[in-house]
Each structure stands twice: as structure tokens, then as C-alpha cells.
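# Architecture and fold: a report
For reference, the chains in residue letters:
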Amino acid sequence: MADILNGRNASVNRKTNETDIQLAFSVDGSGVSQMETDVPFLNHMLDLFTKHGQFDLKVKAEGDIDIDDHHTVEDIGICLGQTLREALGDKRGIKRYASVFVPMDEALAQVVIDISNRPHFEYRAEYPSAQVGSFSTELVHEFLWKFALEARITLHVIVHYGQNTHHMIEAIFKALGRALDEATSIDPRVQGVPSTKGVL
């Protein structure tokens, strides 16, 4: 898994009775993803996230999709959050905050991030349909919530409007990548940790 890692990076192996996941993530990447999961729509969304965030991401996941996609999607969110938190270390020099709007045709999504070490998630999205192909739209919330918790970030996701469910979710993942890229970027003006507390 380590062959794609550059700069600030981490990897994790998570095996339960429901899933078996190997995930490697690099904050300082070049937009390269290698996805091997049984959830094609999530593969597509994570590929977009990686490309627009200029990260590197490698995921190999097997799960009990004979039941449904829930456990696989949830556990990938957990693993991605864990690797982000580890890769950022003490967070010295990062910008910390970001707010990004991304349009996808008729849809508009906004993602606001604070790399705060205080996990919190707010989600405002109403989709025209409950499914995109075989993928349940409720799993977008599940993935993002577990990602925010494990990464220990404050994450606000708002879909302002849209008519096509695929477009709306795609706008979220593109905005997430771009916002996370900005929030994790190094600002040479920042001395130490960007907090008056002296620690994040």
C-alpha cells in the first residue's frame, strides 16, 4: 500500500466480521487513486475527491455487500478519517479552515471545514431520489459522519439546490476534496499550530 504515499501520509488495515479494508492516504499527493471496492458509486466519488483534493488514495475493500453496502461504506469512511488524522500529525503550519462551493451542472454544494480536533458534523441535503443506481443516498451521510468523527474535524456539508441526485452527491465529494486540500495546506505565515490554545 505504501507505494503511492508521498509527504504527509498514513495507512491502515481494518478487519472485522463485516469488512476487510486496506487504505493508504497521502495529503501531499498528485490526484492518483486506486480503488478496489464492491461499491462502484463510492469508487467514483472517492476518485473525484482524490483528484480535486490533489491527494493520493489507495483502497482495497471487501465487505458483506450481500446484505447491503452499509458496512463497507461506513468502514471506508472510518479508515479514511483515521489516516487523515494520523497524516496531519500535530497540524503545525496548516491553514486549518476552508469553505468551498462547487457547482455540478444544476446542483450547488458547499463544504466548510475546521481541522479542529473537535469532531462535529452538520448535513443539509435533500435528494430527489433515494437511490443512485444500487447506491442508497443515505450512505452519503453515513460516510461523511464517520469520516468527520475519526478525523476529528468539524465538517459542514450543504447542498443548496439541485435536481439530479448524482450531480448533487458528486458536487459534495468534489467540494470535500477541494476544501480539505485548502484546510490542510501549509501557510508559511503560520507559526506553530493555528490556535490561540497552542494545540489542536
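Residues numbered from 1 in each chain as written. Predicted model: local features only at pLDDT ≥ 70, side-chain atom pairs only at ≥ 80, totals over all residues. Heavy atoms only, no water.

### Considering helix α4 (residues 165-184)
Where we set the bar: Labels follow the DSSP assignment, with helices taken as runs of H or I lasting at least four residues and strands as runs of E lasting at least two, numbered in each case from the N terminus. Under the convention used throughout, the expected extent of a helix is 1.5 Å for every residue step, that is, one less than its residue count. Relative accessible area decides the class of each residue, using a 1.4 Å probe on protein chains only: under 20% of the type maximum gives buried, over 50% gives exposed, and in between gives partly exposed. Under the rule applied, a polar contact is a pair of N or O atoms within 3.5 Å (in protein, one hydrogen donor and one hydrogen acceptor; residues adjacent in sequence only if both atoms are side-chain atoms).
Between its first and last C-alpha atoms α4 spans 29 Å; for 20 residues at 1.5 Å apiece the expected length is 28 Å, and the two agree. By the criterion of burial, α4 is predominantly enclosed, with 16 of the 20 residues buried. Two or three places before histidine 166, at the opening of α4, asparagine 164 has a side-chain oxygen 3.0 Å from that residue's backbone nitrogen.

### Details of the side chain of threonine 137
The criterion, for reference: Any two residues whose heavy atoms approach within 4.5 Å are treated as being in contact.
With respect to the helices, strands and loops of the structure, threonine 137 is situated in the loop between β9 (135-136) and α3 (138-151). Among all residues touching threonine 137, those that are not within four sequence positions of it are Tyr127, Ser129, Ala130, Gln131, Val132, Thr165 and Ile169.

### Thoughts on the sheet that holds strand β7 (residues 120-124)
What counts is decided by this rule: Note on pairing: two strands pair once DSSP finds at least 2 bridges between them. Each axis is a line fitted through C-alpha atoms, taken for helices only over the stretch in contact, and angles between the N-to-C directions span 0 to 180 degrees.
In space, the four strands of this open sheet follow the order β5-β6-β10-β7, with mixed pairing throughout. A strand with exactly one partner marks an edge of an open sheet, and here the two such strands are β5 (97-104) and β7. Across this sheet, the average inter-strand angle for adjacent strands is 10 degrees, counted without regard to direction. Relative to strand β6 (residues 107-114), β5 runs antiparallel, the two being bridged by eight bridges. Its bridge partner being in β6, serine 99 is matched across the sheet by valine 112. Against the sheet, α3 makes contact with β7 and β10 (154-161), and its axis sits at roughly 155 degrees relative to β7, the strand it touches most. Sitting on the sheet, α4 touches β5, β6, β7 and β10, and the angle it makes with β5 is about 150 degrees.

### Looking at the environment of alanine 179
Note that alanine 179 resides in helix α4. In this structure, the C-alpha to C-alpha distance between alanine 179 and leucine 84, residues 95 residues apart in sequence, is 14 Å. For alanine 179, the residues in contact, after removing those within four places along its chain, are Ala98, Val100, Val111 and Ile113.

### Some points on the packing of α3 against α4
The criterion, for reference: An angle below 35 degrees is treated as roughly parallel, one above 145 as roughly antiparallel, one from 65 to 115 as roughly perpendicular, and anything else as oblique. Take the far helix as your reference; a near helix turned counterclockwise from it by less than a right angle gives a left-handed crossing, and one turned clockwise gives a right-handed crossing. Each residue gets one of three labels, nonpolar for Ala, Val, Leu, Ile, Met, Phe, Trp, Tyr, Cys and Pro, charged for Asp, Glu, Lys and Arg, and polar for the others, Gly among them.
The geometry of α3 relative to α4 is characterised by a closest axis approach of 12 Å and an angle of 15 degrees between their N-to-C directions. Classified by the interaxial angle, the pair formed by α3 and α4 is roughly parallel. Read as a crossing pair, α3 and α4 show a hand that is left-handed. Two secondary-structure elements touch here, α3 through Val140, Phe143, Leu144 and Phe147 and α4 through Ile169, Ile172, Phe173, Leu176 and Leu180. Taken together, the residues of the contact of α3 with α4 break down into nine nonpolar, no polar and no charged.

### Overview of the environment of valine 159
Following the sequence through the fold, valine 159 ends up in strand β10. Linking valine 159 and leucine 108, residues 51 residues apart in sequence, is a C-alpha distance of 5.9 Å. Apart from residues lying up to four places away in sequence, valine 159 is in contact with Leu108, Ala109, Arg124, Ala125, Met168 and Ile172.

### With respect to the packing of aromatic side chains
Our working rule: Pairing of aromatic rings covers Phe, Tyr and Trp, the last through its six-membered ring, and needs centres within 6.5 Å; plane angles under 30 degrees mean stacked, over 60 mean edge-to-face, and all others mean tilted.
Under the criterion given, the structure shown has seven aromatic pairs. Ring-pair connections join several aromatic residues into one group, and the members of that group are Phe25, Phe49 and Phe55.

### Brief notes about the packing of helix α1 (residues 40-53) against helix α2 (residues 70-88)
For the pair α1 and α2, the least separation of the axes is 12 Å and the interaxial angle reads 20 degrees. Considering their axes alone, α1 and α2 lie roughly parallel with respect to each other. For the crossing formed where α1 meets α2, the hand is right-handed. Residues Leu42, Leu46 and Phe49 of α1 touch α2, and the partners they reach there are Val73, Ile76 and Leu80.

### Comments concerning α3
Under the 1.5 Å per step criterion, the end-to-end length of α3 is 20 Å for 14 residues, consistent within 8% with the ideal 20 Å. For α3, the full list of buried residues reads Leu139, Val140, Glu142, Phe143, Leu144, Lys146, Phe147, Ala148 and Ala151. For α3, the elements touching its buried residues are α1, α2, β7, β9, β10 and α4.

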